[in-house]
Amino acid sequence: EGEADLTRDLPLTDAEAAAGGVKRIALSRGAEVEEVLVTIPPGVRSGTRLRLKGKGRPGPDGRPGDLYLRVTIADR
């Protein structure tokens, strides 16, 4: 990971992790909030990292890094 990359937890229920699908998440970067759709692969496991290219913070060269979503599966 580079210095412009970010990591965030992505909490899922057991059912969401098992079935997969699409989840809408809000990303805030400063005053800006962007909603993105994240595709969750069926059977995803806790600790899996999903990469969203270009959704991190701006790097020293001005290009944005990547955002890594770390899957966490919520207990009931």
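Trainee: Please clarify how the overall build of the protein chain should be interpreted in this entry.
Mentor: Tallying secondary structure elements over the protein chain gives one helix and five strands in all. Reading the protein chain from its N end, one meets helices and strands in the order β-α-β-β-β-β. Principal-axis analysis of the C-alpha atoms gives the protein chain an extent of 40 × 25 × 20 Å. Counting across all 76 residues of the protein chain, residues that qualify as buried make up 28%. Accessible area of the protein chain: about 5,000 Å², with a carbon and sulfur share of 50%. Each charge class in the protein chain was averaged separately, 13 positive and 12 negative side chains, and the resulting centres sit 3 Å apart.

Trainee: Please clarify how the pairing of strand 2 (residues 21-29) should be interpreted in this entry.
Mentor: The two faces of the sheet receive side chains in turn, since in a regular strand these alternate between them. Relative to strand 3 (residues 32-40), strand 2 runs antiparallel, the two sharing nine bridges. Each bridged residue has a counterpart across the sheet, and for Arg29 the counterpart in strand 3 is Glu32. Hairpin connection between strand 2 and strand 3: a loop of two residues separates the two successive antiparallel strands, and Gly30 in this loop has a positive phi of roughly 70 degrees.

Trainee: Got a minute to help me understand the nonpolar core in this structure?
Mentor: The nonpolar side chains of a soluble globular protein tend to be buried, and buried together. Of all hydrophobic cores here, the largest spans 14 residues; its most connected members are Leu10, Leu12, Ile25, Val38, Leu52 and Leu69. Contributing elements (two or more residues each) for this core: strand 1 (6-12), strand 2, strand 3, strand 4 (49-52) and strand 5 (67-73).

Trainee: Just checking my understanding: could you explain the sheet that holds strand 5 for this structure?
Mentor: Two pairing modes exist for strands in a sheet, parallel and antiparallel, and in both the strands are linked by backbone hydrogen bonds. The three strands are arranged 1-5-4 in an open sheet whose pairing can be described as mixed. In this open sheet, the two strands that pair with only one neighbour each are strand 1 and strand 4. Strand-to-strand twist across the sheet, computed as the mean angle between neighbouring axes with direction ignored, equals 30 degrees. Pairing analysis gives seven bridges linking strand 1 to strand 5, with the strands arranged parallel. Looking across to strand 5, one finds that Thr7 is bridged to Tyr68.

Trainee: What is the right way to read the environment of Pro42 from this model?
Mentor: Tracing the backbone through its elements, the reader meets Pro42 in the loop between strand 3 and strand 4. Overall, Pro42 belongs to the exposed group, its relative accessible area being 62%. Taking the C-alpha atoms as reference, Pro42 lies 8.1 Å from Glu16; in sequence the two are 26 residues apart. Those residues in contact with Pro42 that lie beyond four places of it in its chain are Ala17, Ala18, Ala19 and Gly20.

Trainee: Explain the side chain of Asp5 to me, please; I cannot follow it from the model alone.
Mentor: Positionally, Asp5 belongs in the segment before strand 1. For the buried Asp5, no salt bridge is present, and the opposite-charge side chain at shortest range is Arg51, 6.8 Å distant. Looking at Asp5, its side chain comes within polar contact range of the main-chain nitrogen of Asp66, at 2.6 Å. With sequence-adjacent residues up to four places away left out, Asp5 is seen in contact with Arg57, Gly65, Asp66 and Tyr68.

Criteria and thresholds
- Residues numbered from 1 in each chain as written.
- Predicted model: local features only at pLDDT ≥ 70, side-chain atom pairs only at ≥ 80, totals over all residues.
- Heavy atoms only, no water.
- Helix = DSSP H or I, 4+ residues; strand = E, 2+ residues; numbered from the N terminus.
- Buried < 20%, exposed > 50% of the residue type's maximum accessible area, 1.4 Å probe, protein only.
- Areas by Shrake-Rupley, 256 points an atom, 1.4 Å probe, with all protein chains shown as cover.
- Lys, Arg positive; Asp, Glu negative; His and termini not counted.
- Charge placed at Lys NZ, Arg CZ, Asp CG, Glu CD.
- Pairing = 2+ DSSP bridges.
- Core = buried A, V, L, I, M, F, W, Y, C linked by side-chain atoms within 4.5 Å.
- Axes fitted to C-alpha atoms, helices over the stretch in contact; angles between N-to-C directions.
- Contact = heavy atoms within 4.5 Å.
- Salt bridge = Lys/Arg side-chain N within 4 Å of Asp/Glu carboxyl O.
- Polar contact = N/O pair within 3.5 Å; in protein donor to acceptor, adjacent residues only side chain to side chain.

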